[in-house]
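Residue-level structural notes
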Amino acid sequence: MTIAELITEASERAVGYSSDECLKCNVCVTVCPVARVTDLFPGPKYVGPQAQRFRTGRAQPVQIKGIAIAPSPDVTVDWCSGCGWCTTACPAGVKIAEMNSQSRARMKAGKRPKLRDWGLGQTDLVGSLGVLFSPITNRVLFNGPIRTVMEWTVGIHRDAPFPKFGKRTLQSTWKRRQKRRGTMAVPGPDRAVVYFHGCSANYYEQHVADALVEILRRNGLETIIPEQVCCGLPMISNALYGDARNKAHKNIDVLAGYARQGYRIIGTSTSCTHTIKAEYREMLDIHDDDATLVANATWDICEFLLDLHERGRLNTRFGRLDEDLPYHAPCQLRSHGIGLPAMELFALVPGLRAADMDHDCCGIAGTYGMKKEKYPIGMAVGAPLFDKIRASGASEAACDSETCRWQIEKATGTRTRHPIEILLQAYRVGDVAGGTESSTLAPVGT
Amino acid sequence: MPSADVVVIGAGLAGLTAALTAAESGARVHLLAKGHAATHWGPGGIDVAGIPAARTARDGIGLLAAQPGHPYAFLGDDVAEALEWIRSHLAAGGAEYLGDLDTPLQLVPTSIGGTRRAAILPAGQAAAMGPWASGERLIVCGVAGFKDFWPEAIAASLSRERIWEGGNRPASVTHVSVALPGLASRHNLNALEIARRFDDPAWRAKAIEALARALGAVPGSGGRVALPAVLGIREHATVLAAVREGLPAAPFEMPLVPPSVPGMRLYAALRAALLRLGGRVVIGEMVERVERDGRRVTAVVSGAAARTFTVRTGALVIATGGIAGGGLVAERDGRLREALLGLPVEAPPADEWLAVDAFDPAGHPLEKAGIRTDADLRPVAADGSLPFDNVRVAGSLLAGQRNVRDRCGDGVALTSGRRAARLLSAVPAGHAEEPGSERP
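Residues numbered from 1 in each chain as written. Chains lettered and ligands numbered in written order. Predicted model: local features only at pLDDT ≥ 70, side-chain atom pairs only at ≥ 80, totals over all residues.

**Observations concerning the overall build of chain B**
Helix and strand counts for chain B stand at eleven helices and 19 strands. For 440 residues, the compact-globule formula gives about 22 Å, and the C-alpha radius of gyration of chain B, at 23 Å, lands near that figure. Relative to its 440 residues, chain B shows a buried fraction of 52%. (Helix = DSSP H or I, 4+ residues; strand = E, 2+ residues; numbered from the N terminus. Rg over C-alpha atoms; globule rule 2.2 N^0.38 Å. Buried ≥ 20, exposed ≤ 12 C-beta atoms within 10 Å, placed from the backbone.)

Following this line, the structure appears as structure tokens:
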């Protein structure tokens, strides 16, 4: 065994060996959204700390006295959506969701991944091709018969929510803009932040990026958008740890340079920022100084804005938004351990009646709810949330995570936006009310 | 970094009580906890003082208050008020409780075939109280395939006279096991899963019919039927009414091993009340340390992904629990450490930690370990001084109680949680209200 392998095995222990802390109290089972709706998944305790005792920690079965010890004794771990609620609720500190992800990766290691799982992991590839051929891809993805065929052949559910590809990537839009503006001195870390846009803002939701840039500018901060790749989470979720590590290293290499200079790295996707903050180290075992440096410099946008506010530096000239706003906190946000910063920010907007829907999971859990066999589970998990949002009668809802927004929008027909889009709207209403000049940037929204 | 008037650490009964009390007085409250515990583990009753020498809980409070160092010495007078307060909140949240301080303490049967002293129980368990009439039978009714409840074993144990301490008991204890729709072939069934099915009206109707049929086939009539505590979670009140209506004997729930469905109902009702008053609840990270300005705690710092999560606060309630909850940590060198502030722990010497029987009727020596406070629940330092102005201790972290032996934990949690929050709400907050900030 090489030293690298030894180190990998040792760090797996941090997650894997936390099963020793398990009291078998079943608290994790009480919060599991998947076990709530289906008998297929026996719940986090059984596939997590309980099954962990029988795992060898290796991908291939190990022969002990002629008996093959399987890498994972319980294939039902594949029904885990990875939402992380079990880890959150555990009073003993067992890393249950992380354990499940690792054992799923071990279970699938050495086997050829399903084309579907592989494809759902390759968000950069799918995104680039999708944007390149967007007039065609958008037509295909919103065509009923084609989606039916896709369900049969690829295994992506015909009704799964898909976003529309943008006409070009954020990266290329940004480069063009920079070119037009000509070379400018890059402001220092007190005047600018680095934006980790993730795949959604790059390929699908440029309006979220536009909102971020304008909000930061209204707070005296410029935005730097370095070249970057997918954070790797879709690969982690689809048991493609090797690919995920490659992505992680590429991002760390770029971002560490900025972090070292004192720049903060801001993301608009709570799942990307959580991956960089926690999973590069905890799940992918990347433990060098740069990984830690980058993790420590990374902030979710709402966390960042609330921090500005607490330091008295947030521009709070929000205009009045007289509306009800149902808000769903994504599972990945809970794993940040920072409360619900969007709700605190909404409270600064006069008239805005934001209401936390207080529901565990919308059911999409990244790419989980898109898969043919898991789609009905995802919809059942999210059903109470969809009912609440529909019952609120509100014209729009808010949620920090893109796949959740797509899921909610698809299931409820209610337009669902990133919290910063709501805040930007409030700023703009404030401009009109306060007589300040409106921004000259492109309008927010598609 | 959000700011609060009061931060409460711990999501058990003491923490929830303190948070809700503070929120009622208009304080901005953050409740932080590393996970769920006490409520999800316990039987869901409100144990105030279940000691053999007492006829009622009120008697018990008096006897415990006279014990040297027991928290009831300074909290005992508050129990009645606290009880009334929590019951109104629970009833509003669909979790009605029956019995009070003057209800005679009675032996109620448990799901391991023993008995325990209780007087204040959730409505679903209340039919277990009340004297057994002459000739009155008890049927223990299980769910086929459900491994957390063994009717045959429970009935066999409850048939023994000594389990009832020679007193009033059912004339006969029989058992039956019922296959409920879609469950008989299941492995790994847990209580919560069955409770959720009872919430569904269509499934419920079929299940009650199956239960009624099986119970009807048991010879004899009337009496009471003990069921596992799985009678609905969100719709518990409706389920309970339907089960009462549909069964030929008076039903009551027996609390089970965790996850405790009655405890989850209690937690849900109190959490919902707290959220309605604008309280913030953050579960999942351990509070690592506090920031201080002299004798005042100014902020609470918990773990978070890649960094810490700091809540600025005017005051702090520590309701982190005892040894089981993690508020006290036993070191290998034979010391007990208070996990957050390093407060001095009042505890027996290490060579008295080990007892032959963890559930000795005389109590375990470590049960009394905890933090000594003054009557205002301020922690007292080793030299008798009061090191913190704006910190209060509540719940099973308080020294001097033996809540396994004396079943006083819920009473101490309620009264200390209430008092802690009231005293802190009177302390001027450590910071000014943010201009322009509105509570949602």
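Read on, since the account is not over.
**Re the interface of chain B and chain A**
Facing 34 residues of chain B, the contacting portion of chain A comprises 38 residues. Elements that contribute at least two residues to the side of chain B that touches chain A include exactly helix H2 (38–41), helix H7 (191–199), helix H10 (261–276), strand S11 (280–283) and strand S13 (296–303) of chain B. Here the side of chain B that touches chain A gets three residues from one element, more than from any other, and that element is S11 of chain B. For the side of chain B that touches chain A, the class distribution of residues is 16 nonpolar, ten polar and eight charged. (Contact = placed C-beta atoms within 7 Å. Nonpolar A, V, L, I, M, F, W, Y, C, P; charged D, E, K, R; others polar.)

**Focus: the nonpolar core**
Formed by 263 residues in total, the largest nonpolar core has its most connected members in Ile265 of chain A together with Val6 and Val317 of chain B. Apart from residues lying up to four places away in sequence, Ile265 of chain A is in contact with Val194, Phe196, Leu255, Tyr258, Ala259, Val294, Ala297, Thr298 and Trp299 of chain A. (Core = buried A, V, L, I, M, F, W, Y, C linked by C-beta atoms within 7 Å.)

**Comments concerning helix H15 (residues 241–261) of chain A**
Turn by turn, an α-helix covers 3.6 residues, leaving residues three or four places apart pointing in a common direction. Residues and elements named next belong to chain A. Between its terminal C-alpha atoms H15 stretches 30 Å, which fits the 30 Å expected from 21 residues at 1.5 Å a residue. A bend of about 35° at Leu255 is the largest found in H15. Within the span of H15, buried status applies to Tyr241, Ala244, Lys247, Ala248, Asn251, Ile252, Leu255, Tyr258 and Ala259. Lining the buried residues of H15 we find helix H6 (96–108), strand S3 (192–196), helix H14 (233–237), strand S5 (265–267), helix H16 (270–282) and helix H17 (289–297). Just beyond H15, the residue with positive phi is Gly262, at close to 100°. (Expected span 1.5 Å × (residues − 1). Bend = angle between axes of the 7 residues up to and from the residue.)

**With respect to the domain arrangement of chain B**
As assigned here, chain B comprises domain 1 (3–92 + 265–426) and domain 2 (126–254). The straight-line distance from the C-alpha centre of domain 1 of chain B to that of domain 2 of chain B is 34 Å. (Domains from an automatic or database assignment.)

**Things to note about the packing of helix H8 (residues 201–216) of chain B against helix H9 (residues 236–246) of chain B**
Residues and elements named next belong to chain B. Packing of H8 against H9 leaves a shortest axis separation of 10 Å and a crossing angle of 35°. When the axes of H8 and H9 are compared, the crossing they make is right-handed. Residues Arg204, Ile208 and Ala212 of H8 form the contact with H9, whose participating residues are Val239, Ala242, Val243 and Gly246. Of the residues in the contact of H8 with H9, the class split is five nonpolar, one polar and one charged. (Axes fitted to C-alpha atoms, helices over the stretch in contact; angles between N-to-C directions. Left-handed = near helix turned anticlockwise from the far one by under 90°.)

**Describing the sheet that holds strand S4 (residues 222–224) of chain A**
Residue and element names in this part refer to chain A. If you walk across this open sheet you meet the four strands as S4-S3-S5-S6, and the pairing is parallel. The sheet terminates laterally at S4 and strand S6 (298–300), the two strands that pair on one side only. Taking each pair of neighbouring strands and ignoring which way they run, the sheet shows an average axis angle of 40°. As judged from the three bridges shared by S3 and S4, these two strands associate in the parallel manner. Within S4, the residue paired with Ala192 across the bridge is Glu222. (Pairing = 2+ DSSP bridges.)

**Quick notes on the sheet that holds strand S8 (residues 353–356) of chain A**
Residues and elements named next belong to chain A. Spatially, the four strands line up as an open sheet ordered S8-S7-S9-S10, and their pairing is parallel. The open sheet terminates on both sides in strands that have one partner only, identified here as S8 and strand S10 (415–417). For this sheet the average axis-to-axis angle between neighbouring strands, irrespective of direction, equals 30°. Pairing analysis gives two bridges linking strand S7 (residues 324–328) to strand S9 (residues 396–399), with the strands arranged parallel. Across the sheet, the residue bridging to Tyr327 is Ala398, located in S9. The sheet contacts of helix H21 (residues 375–392) involve S7 and S9, and relative to S7 the element is tilted by about 170°.

**As for the confidence of the model for chain B**
Residues and elements named next belong to chain B. Residue-level pLDDT values for chain B average 92, and 96% of them are 70 or greater. pLDDT under 50 marks residues 429–440. Its contacts with residues more than four places away, or in other chains, come to 22 contacts. For this predicted complex, the interface score ipTM comes out at 0.89, while the overall pTM is 0.91. (pLDDT = per-residue confidence, 0-100.)

**Comments concerning the packing of helix H4 (residues 44–52) of chain A against H6 of chain A**
All names here are of chain A. One way to put it is that H4 packs onto H6 with a least axis distance of 9 Å and a crossing angle of 75°. As judged from the angle between their axes, H4 and H6 are roughly perpendicular. Of the residues in H6, those touching H4 at Pro44, Val47, Gly48, Pro49 and Gln52 are Ile96, Met99 and Asn100. Grouping the amino acids of the contact of H4 with H6 by side-chain chemistry returns five nonpolar, three polar and no charged. (Parallel < 35°, antiparallel > 145°, perpendicular 65-115°, else oblique.)

**Comments concerning unusual backbone geometry**
Along the chain, Pro258 of chain B connects to Pro259 of chain B via a cis peptide bond; the corresponding omega equals 5°. Tracing the backbone shows Pro259 of chain B in the loop between strand S10 (250–254) and H10. Positive phi is not limited to glycine here, since Asn26 of chain A has a value of about 75°. Summarising the element assignment, Asn26 of chain A is placed in the loop between helix H1 (3–16) and helix H2 (27–31). Looking at Asn26 of chain A, the number of C-beta atoms within 10 Å reads 21, which means it is buried. Here Asp285 of chain A, not a glycine, exhibits a phi torsion of approximately 60°, which is positive. Residue classification places Asp285 of chain A among the buried residues on the basis of 20 C-beta atoms within 10 Å.

**Focus: the environment of His40 of chain B**
Looking at the element boundaries, His40 of chain B is found in helix H2. Between the C-alpha atom of His40 of chain B and that of Asp59 of chain B, which follows or precedes it by 19 residues, the distance is 29 Å. If near-sequence neighbours (up to four positions away) are discounted, His40 of chain B is found in contact with Val27 and Thr30 of chain A together with Pro258, Pro259, Ser260, Gly263, Met264 and Tyr267 of chain B.

**Re helix H23 (residues 419–434) of chain A**
All names here are of chain A. Its 16 residues place the ends of H23 22 Å apart at the C-alpha level, agreeing with the 22 Å of an ideal helix rising 1.5 Å per residue. Within H23, the full set of buried residues consists of Pro419, Ile420, Glu421, Ile422, Leu423, Leu424, Gln425, Ala426, Tyr427 and Gly430. On the buried face of H23, the contacting elements are helix H13 (206–217), helix H18 (301–310), S7, helix H20 (341–346), S9 and S10.

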